[in-house]
Amino acid sequence: MNYTILVTGPAYGTQNASTAFLFCNALIQTKNKICSVFFYGDGVYNANNMTTPASDEFNLIHAWQELKKKYQVKLYVCNSSALRRGIVKNEKYFDRPCKIGNLAIFFQLSGLLELANSIKLSDRIIQF
């Protein structure tokens, strides 16, 4: 089966994102396909490179990056949600230079069109 995963919970503070990550790993282990993981609303905080958990905590942002590196899972971040929450690439936004972007590597800014396309290719969409 083909799945699209929609993550709307932040990396820390709720269980949404960590449950989504565990679900993705279970899908991979059972030979299912993940079309993409789409981070929306507060879920975009999963792509914030400035997030630094305590040394004894699970680093969820790093875990998402490893999922991308190891299994080539596409990690899309809603551009509008990211801008509202201060997550930017190393570019200019609204004529304000942003010298240091905080979008973590392997995460890609995109729009809702990418989510719609992924849903079209999927058998199931699961929201966390």
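Residues numbered from 1 in each chain as written. Predicted model: local features only at pLDDT ≥ 70, side-chain atom pairs only at ≥ 80, totals over all residues. Heavy atoms only, no water.

Looking now at the overall build of the chain. Along the chain, the regular secondary structure elements total 4 helices and 7 strands. Ordered by position from the N terminus, the helices and strands of the chain form the series β-α-β-α-β-α-β-β-β-α-β. The globule rule puts the C-alpha radius of gyration for 128 residues at 14 Å, and the 14 Å found for the chain is close to it. Its C-alpha atoms give the chain principal-axis dimensions of roughly 45 × 40 × 25 Å. (Helix = DSSP H or I, 4+ residues; strand = E, 2+ residues; numbered from the N terminus. Rg over C-alpha atoms; globule rule 2.2 N^0.38 Å.)

To continue, consider the UniProt feature "active site" (unreviewed entry) in the chain. Mapped onto this structure's residue numbering, the UniProt feature "active site" (unreviewed entry) falls at Cys78. You can see Cys78 is positioned in strand β3 (residues 75–78). Note on Cys78: relative accessible area 5%, which makes it buried. Not counting residues up to four positions away in its chain, the partners in contact with Cys78 are Phe38, Phe39, Tyr40, Val44 and Ser110. (UniProt positions renumbered as here; feature names shortened; annotations may be inferred. Buried < 20%, exposed > 50% of the residue type's maximum accessible area, 1.4 Å probe, protein only. Contact = heavy atoms within 4.5 Å.)

On to the environment of Leu83. Note that Leu83 resides in helix α3 (residues 79–84). Assessed through its relative accessible area of 26%, Leu83 is described here as partly exposed. The spacing of Leu83 and Lys31 is 52 residues in sequence and 35 Å in space, taken between C-alpha atoms.

This part takes up the sheet that holds β3. Strand order in this open sheet of 5 strands is β6-β3-β2-β1-β7, and the pairing throughout is parallel. Whereas interior strands pair on both sides, the edge strands pair on one side only; in this sheet they are β6 (107–110) and β7 (124–127). Ignoring which end each strand starts from, the neighbouring axes of this sheet average 25° apart. (Pairing = 2+ DSSP bridges. Axes fitted to C-alpha atoms, helices over the stretch in contact; angles between N-to-C directions.)

Attention shifts here to the pattern of salt bridges. Inspection of every chain in the model, using the stated rule, returns 2 salt bridges. Residue Arg85 is joined to Asp42 by a salt bridge in which the shortest nitrogen-to-oxygen separation is 2.8 Å. Note that Arg85 is positioned in the loop between α3 and β4 (92–93) and Asp42 in the loop between β2 (33–39) and α2 (60–71), a separation of 43 residues in sequence. With a relative accessible area of 26%, Arg85 lands in the partly exposed category. Among the residues examined, Asp42 registers a relative accessible area of 35% and is labelled partly exposed. (Salt bridge = Lys/Arg side-chain N within 4 Å of Asp/Glu carboxyl O.)

To continue, consider unusual backbone geometry. Located in the positive-phi region is Lys31, a residue other than glycine, with phi close to 65°. Mapped onto the fold, Lys31 is located in the loop between α1 (16–29) and β2. For Phe106, which is not a glycine, the phi torsion comes out positive at approximately 75°. Residue placement: Phe106 occurs in the loop between β5 (96–97) and β6.

Here we come to the side chain of Asn102. Relative to the assigned elements, Asn102 resides in the loop between β5 and β6. Of the residues examined, Asn102 reaches a relative accessible area of 11% and is grouped as buried. Leaving out residues up to four positions away in the same chain, Asn102 has contacts with Ala47, Asn48, Asn49, Met50, Gly86, Ile87 and Val88.

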